[in-house]
Amino acid sequence: MGDNRSPYTHTRPQPSVLRGRCFEPDSVVTYAPLLDLLRTFCAVSPPDVIARYLGPAAPDLVRALPELAHSFPDLVLTSPSDPEQEQHRMFQALAQFFFGLSELQVLLIVVEDIHWSDDTSLEFLLYLARQISPHKILLLLTYREDEIGSDLARFLSTLNRERIPADFSLVPLTEAECSEMTHAIFALRAPAPAEFLKPIYELTEGNPFFMEEVLKSLIRNGDVTYRDGAWDLKPVSALRIPRTVQGAVQQRTGSLTPCAREVLEIAAVAGRRFDFELLQQLTEFSEHELLQLIKELIRAQLVVEESADSFVFRHALTREAIYSDMLSRERRTLHRSIADTLEHIHAHPLDTHLTELAHHFSEAQVWEKALEYGQRAGERAHALYSLRVAIEHFTRAIEAAKRLDLPTASLYHARGRSYDLHGDFESARDDYIRTVESAHQEEEAIVEWQGLLDLGWLWTSRDYGRAGNYLQRALDLARQLEDPSRLAQTLNRVGNWYLNTEQPMQARQYHLDALAILQEMDDRPALAATLDLLGITSFLGGDILAAVTYYEQAIALFLALDDQRGLAASLETLSLQCAAYPLSLVVCPAPGLPACLRCGEEALSIARRIGWRPGEASALGYLGHCLGPFGDFGRALAHAGAGLELALQIGHVQWENSAHLALGGIHSDMLALPEAREHFKEALRLGKEMGSLTVMRIAGGFLASTYVAEGSLALAETVLMERQDDPSSGEAPRTIGDRFVMFARAELALSRGEAPAALALTGELVASALNVDYWGEGAIPRIWQLQGEALAALHRLDEAEAALLAARHVAGEQGMRPRLWRIVASLGRVYQAQGRRRQASEAFAEARSIIGSLAETISDQSLQDSFARRASSQLPRPSESSSRKSIREQYNGLTEREREVAALVAQGKSNRAISEQIFVGERTVAKHIESILSKLDFRSRAQIAIWAVENNLVYTGD
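Residue positions are given per chain, counting from 1 as you read along its sequence in written order. Only residues with pLDDT of at least 70 get local features here, since the model is predicted, and only at 80 or more are side-chain atom pairs given and counted; chain-wide, interface and lining totals rely on the full set of residues. To obtain the side-chain values, all non-hydrogen atoms of the structure were used and water was disregarded.

Details of the overall build of the protein chain
(1) Moving on: Helices and strands together make up the secondary structure of the protein chain, namely 46 helices and eight strands.
(2) Moving on: Residue burial is assigned from relative accessible area. The probe radius is 1.4 Å, only protein chains are included, and a residue is buried under 20% of its type maximum, exposed over 50%, and partly exposed in between. Counting only residues that meet the buried cut, the protein chain has 53% of its 958 residues in that class.
(3) Moving on: Summarising the internal contacts of the protein chain: among those between residues at least 6 apart in sequence, 64% fall at separations of at least 24. Runs of H or I in DSSP of at least four residues are treated as helices and runs of E of at least two as strands, each being numbered from the N terminus. In this analysis, two residues are considered to be in contact whenever any of their non-hydrogen atoms come within 4.5 Å of each other.

Structural data, given as structure tokens:
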């Protein structure tokens, strides 16, 4: 094939790169990094290119680099002259070589690790740096700050004094950046989970070299595997130190005196940080002797001073490398000595040293004390929400109990609770099962009951069938124990199970029975939990006012008890009271979005602070449920998307489902119906997987409504017919799940032209709604809108107007803009049918204004343009006279090209796509859009899209 490029096409030349490196032995090799650089150049260049660029410098360079001689067969070398003159000639020769290369194109010279450079090379680099300013050369030098010797210090000082360089300090990678690095090394489809990344990040402290070496070592040694989306990683204590890191540490420790080596090994066993007093007790050196030995370790760049009394290893891997190089027996002996010394030194404030004592006694294999301190340290860490630390300590305690042949059920339960709170479903499930089995064998009925109860609660996030079996077993055992407190806890869990299986009356009774027991006992923590459960029961039963009262009482108790997890759970659910998507068919008090957001954002903050990942996932999803109905689409999508990602990471099906429902609702409000449909289908699938009738009915109702909006009436009917016991016109809905199904049936009936059936169904929804008096007519705008549309279809226009005006009032008061523009548009159509043209025109103008403001909240440009186009296409076009006026006042101001660009914007095309279609540059397109915005006094592309549709510039059929 021929070359189709124009002969006049100018291509900017790519920079030429010369790279040299210094190595530790090179500090005594003259010109080592420069010779490395020349070798690289000669290895990739033909002989004629080498001869051309080395030119007059060849004699001096060949003397330094004899392997170049074959490129200069006729060259006669002279004897070296005076060393100082010889060095000057060499400097000139190298500089001319670089200057010659830079005449053709930009030259980048990179010399890495100059902390290992010889002094002559540093002198030349200083010589070169002073002369490169007229040339197209960038000189890039790298060094480690903790490796600066006297020669390099003088070199840097001179550069800074003469203000030659620009300094760039490379800080350690963040955890997010290390995640990206891991993603690249393993070629993953999705980011590595926190459980995999965090231990490695803590060990390497974000050092890219150490990260890469550890990851490669993990793969090479088979310490980590990744199959079918699942990770298998050994604990940090079992990770092997890479040979490269081990070798570097051995080099630094090789020159230490025996006493310094002894101190270093004791310090390595003591931990990353170690106290002067502890070392002195263990070594029996005098203070002066120990200080001199620590100074030796500091000079060897192994440790640094943290305070007057404590020191720390310069890097965690340094300590790990020294520790792993010791024999197992000597490590065990030192651990025992350190543990005994810690007990002696810190006899009174012992609780602050539980972690160290548990670790050292465990490693010393002193099992009695390892069990005692491990359990205490685990309980303390769990109370502080340091969940990974708690899991580590409980694991040590379990090992110690096994060694001593003591009961383990309560320890498995304690570790299971930490796994549960951390969001590790599989590990929590396994520990709870071990709890039940061990407790049954050990005849610990109370521990067995607790294990069954927690297993049941755990399974509610995935499978209500399994959850019910465990909860019933727990209830049977609780009745046998004859313990009122435990019976009340079990009644609450069973009641919540009944709620999620669409049996609200049974659920409420179980919770009220529990409440009566706990009020008599004055058990405030359990009372708070019961009030929370009564709150969600009232929510799903459609009584939002009662739910708010229960939650406010629960929150007050959780605050008084400083129960952060309970507080977060209540706050996040209370945030839904502002007519969030799951509550869009019941009466909501709607205190306003800011109040609901405060609850949701505070819950999210608490969940993140205590490391409660399931709570974080649910709070994010609930924020999406809240923000979407108020039209804050950008933030709603961001929160719900983050909630879905986290729920998928931790395998929490319940919160995955909630996020899908939120994303479905948001996309539905943005008129992105295909995307909404897929989210609702996934929510329905997950509801079936969990066995939750509540979720199945809510998701099924949303999905059926979406099919109706798309015109797929047969598919909507199929979804609604999946359950034969769904509510119909002859049965009042009991729960919000029932209401969603009935509402979808009403929409389907109206779309089929069966307006009387639709009106009857909306009438039942209104009649069965609780707290309608709170708002009066229009109390549930979504239902009143559909009722108004059904009345309009029956030509009962005055009644339709009244229903829509009531819905408009409440939606406006609540700030529900995505619902409001639809209601106003329906009202405009009623005015048209009544022949009230001015009111119809005003209603449609109001709807357009709301659509424009909603579009501006969508950050994704294609989604924004699509929403604006689809929403405006649902409104009647302006009348002919109005169109002529628009053309006279605005349209005449736009050129033909600008009108063409406006039409393409309305089709959702990006600037690049427009430029490719009309054959102009992107910058030109941007100027056209800027001009359009200015002439029409608009602020966004969405307004341009709406204007283009209204002025017949674009075909709007989807």
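Moving on, there is more to tell.
Description of the sheet that holds strand E6 (residues 273-275)
(1) Moving on: Read across the sheet, three strands follow the order E6-E8-E7 without closing on themselves; strand pairing throughout is antiparallel. The sheet is open, and its two edges are formed by E6 and strand E7 (303-305), each paired on a single side. The average angle at which neighbouring strand axes cross in this sheet is 30°, direction not considered. Paired strands, in this sense, are two strands between which DSSP finds at least two bridges. To get an axis, fit a line to the C-alpha atoms, keeping to the stretch in contact for a helix; angles then go from 0 to 180 degrees between the N-to-C directions.

Comments concerning the environment of Arg 252
(1) Moving on: Take Arg 252: it is sitting in helix H10 (residues 243-253).
(2) Moving on: Each C-alpha atom of the pair Arg 252 and Gln 301 lies 7.8 Å from the other, and the pair is 49 residues apart in sequence.
(3) Moving on: Non-local contacts of Arg 252, meaning those with residues more than four positions away in its chain, are made with Glu 147, Ala 300, Gln 301 and Leu 302.

Brief notes about the confidence of the model for the protein chain
(1) Moving on: pLDDT gives the predictor's per-residue confidence on a scale running from 0 to 100. Of the residues in the protein chain, 87% reach a pLDDT of 70 or more, and the chain-wide mean stands at 84.
(2) Moving on: The low-confidence segment residues 1-13, where pLDDT is below 50, has one contact with residues more than four positions distant or belonging to other chains.
(3) Moving on: In this model residues 880-888 is a low-confidence stretch, pLDDT under 50, and it forms four contacts with partners more than four residues away in sequence or in other chains.

Description of the pattern of salt bridges
In a structure, side chains of opposite charge can pair up when their charged atoms sit close to one another.
(1) Moving on: Within this document, salt bridges are pairs made up of a side-chain nitrogen of Lys or Arg and a carboxyl oxygen of Asp or Glu, the two lying within 4 Å of each other. Under the defined criterion, the tally for this structure stands at 36 salt bridges.
(2) Moving on: Across the pair Arg 154 and Asp 151 runs a salt bridge, and its minimum N-O distance is 2.3 Å. Within this pair, Arg 154 and its partner Asp 151 are both found in helix H6 (residues 150-161), separated by three residues, close to a single helical turn.
(3) Moving on: In this structure, a network of salt bridges that share partners links the residues Arg 677, Glu 678, Lys 681 and Glu 710.

Some words on the sheet that holds strand E2 (residues 107-112)
(1) Moving on: With parallel pairing, the three strands of this open sheet are ordered in space as E1-E2-E3. Strands with a single pairing partner mark the edges of an open sheet, and in this sheet they are strand E1 (16-21) and strand E3 (137-141). The sheet shows a mean angle of 15° between the axes of neighbouring strands, direction not considered.
(2) Moving on: Sheet topology note: the E1/E2 ladder contains six bridges and is parallel. By the bridge assignment for E2, Leu 18 is matched with Ile 109.
(3) Moving on: Across the sheet, helix H5 (residues 119-129) touches E2 and E3, and the angle it forms with E3 is around 145°.

Considering the nonpolar core
(1) Moving on: By nonpolar core we mean a set of buried residues, namely Ala, Val, Leu, Ile, Met, Phe, Trp, Tyr and Cys, connected to one another through side-chain atoms within 4.5 Å. The biggest cluster of nonpolar side chains holds 194 residues, and the ones touching the most others in it are Leu 583, Ile 666, Trp 784, Trp 821, Phe 867 and Ile 944.
(2) Moving on: Of all hydrophobic cores here, the second largest spans 50 residues; its members include Val 249, Leu 264, Ala 267 and Ile 322.

Some remarks on the pairing of E3
(1) Moving on: Of the strand pairs in this sheet, E2 and E3 are connected by five bridges, and their pairing is parallel. By the bridge assignment for E3, Val 111 is matched with Leu 141.
(2) Moving on: The parallel pair E2 and E3, bridged by H5, forms a crossover whose chirality is right-handed. Orienting the strands away from the viewer, one traces the path from the first strand over the helix to the second; a clockwise path indicates a right-handed crossover.

With respect to the packing of helix H17 (residues 367-383) against helix H19 (residues 409-422)
(1) Moving on: Look at H17 against H19: their axes get within 11 Å of each other, and the N-to-C directions meet at 30°. With respect to each other, H17 and H19 are oriented roughly parallel. Judged by the sense of rotation from one axis to the other, the crossing of H17 with H19 is left-handed. Along its contact with H17, which presents Leu 371, Gln 375 and His 382, the element H19 presents Leu 411, Arg 417, Ser 418 and Leu 421.
(2) Moving on: Tallied by class, residues from the contact of H17 with H19 come to three nonpolar, three polar and one charged. Angle categories: roughly parallel below 35 degrees, roughly antiparallel above 145, roughly perpendicular from 65 to 115, and oblique for all the rest. The hand of a helix crossing depends on one turn: near helix anticlockwise from the far one by less than a right angle means left-handed, and clockwise means right-handed. Think of it as three bins: nonpolar holds Ala, Val, Leu, Ile, Met, Phe, Trp, Tyr, Cys and Pro, charged holds Asp, Glu, Lys and Arg, and polar takes everything else, Gly as well.

Here's the deal with the packing of aromatic side chains
(1) Moving on: Centre distance within 6.5 Å is the pairing criterion for rings of Phe, Tyr and Trp, where only the six-membered ring of Trp is used; planes under 30 degrees apart are then read as stacked, over 60 as edge-to-face, and the remainder as tilted. Under the counting rule described, the total for this entry stands at 17 aromatic pairs.
(2) Moving on: Pairing Phe 124 with Tyr 127 gives two aromatic rings, centres 6.2 Å apart and planes at 35°, and the pair type is tilted. On the criterion of helical spacing, the pair formed by Phe 124 and Tyr 127 is a turn pair, its members being three residues apart in helix H5.
(3) Moving on: Residue class for Phe 124 comes out buried when judged on its relative accessible area of 0%.
(4) Moving on: Judged by centre distance (4.7 Å) and plane angle (45°), the rings of Phe 702 and Phe 740 are tilted. You can see Phe 702 sitting in helix H33 (residues 693-710) and its partner Phe 740 sitting in helix H35 (residues 736-751), a full 38 residues away along the chain.
(5) Moving on: Grouping aromatic residues by their ring pairs yields a cluster made of Phe 91, Phe 97, Phe 98, Phe 124 and Tyr 127.
(6) Moving on: Any Lys NZ or Arg CZ that is within 6 Å of a ring centre and within 35 degrees of that ring's normal is treated as a charge sitting over the ring. Here the basic side chain of Arg 319 rests over the ring of Tyr 323, its NZ or CZ set 4.8 Å away from the ring centre.

Points about helix H1 (residues 32-44)
(1) Moving on: By this rule the span expected of a helix is its residue count minus one, scaled by 1.5 Å. End to end, H1 covers 19 Å across 13 residues, agreeing with the expected 18 Å (1.5 Å per residue, within 8%).
(2) Moving on: Buried within H1 are the following residues: Ala 32, Pro 33, Leu 34, Leu 35, Leu 37, Leu 38, Phe 41 and Cys 42.

So, the state of the cysteines
(1) Moving on: By definition, disulfides here are pairs of cysteine sulfur atoms that lie within 2.5 Å. What the rule picks out here adds up to zero disulfides.
(2) Moving on: Cys 588 takes part in no disulfide bond, and the closest cysteine sulfur to it belongs to Cys 578, at a distance of 7.7 Å.
(3) Moving on: Taking the relative accessible area as the measure of exposure, Cys 588 reaches 1% and is therefore buried.

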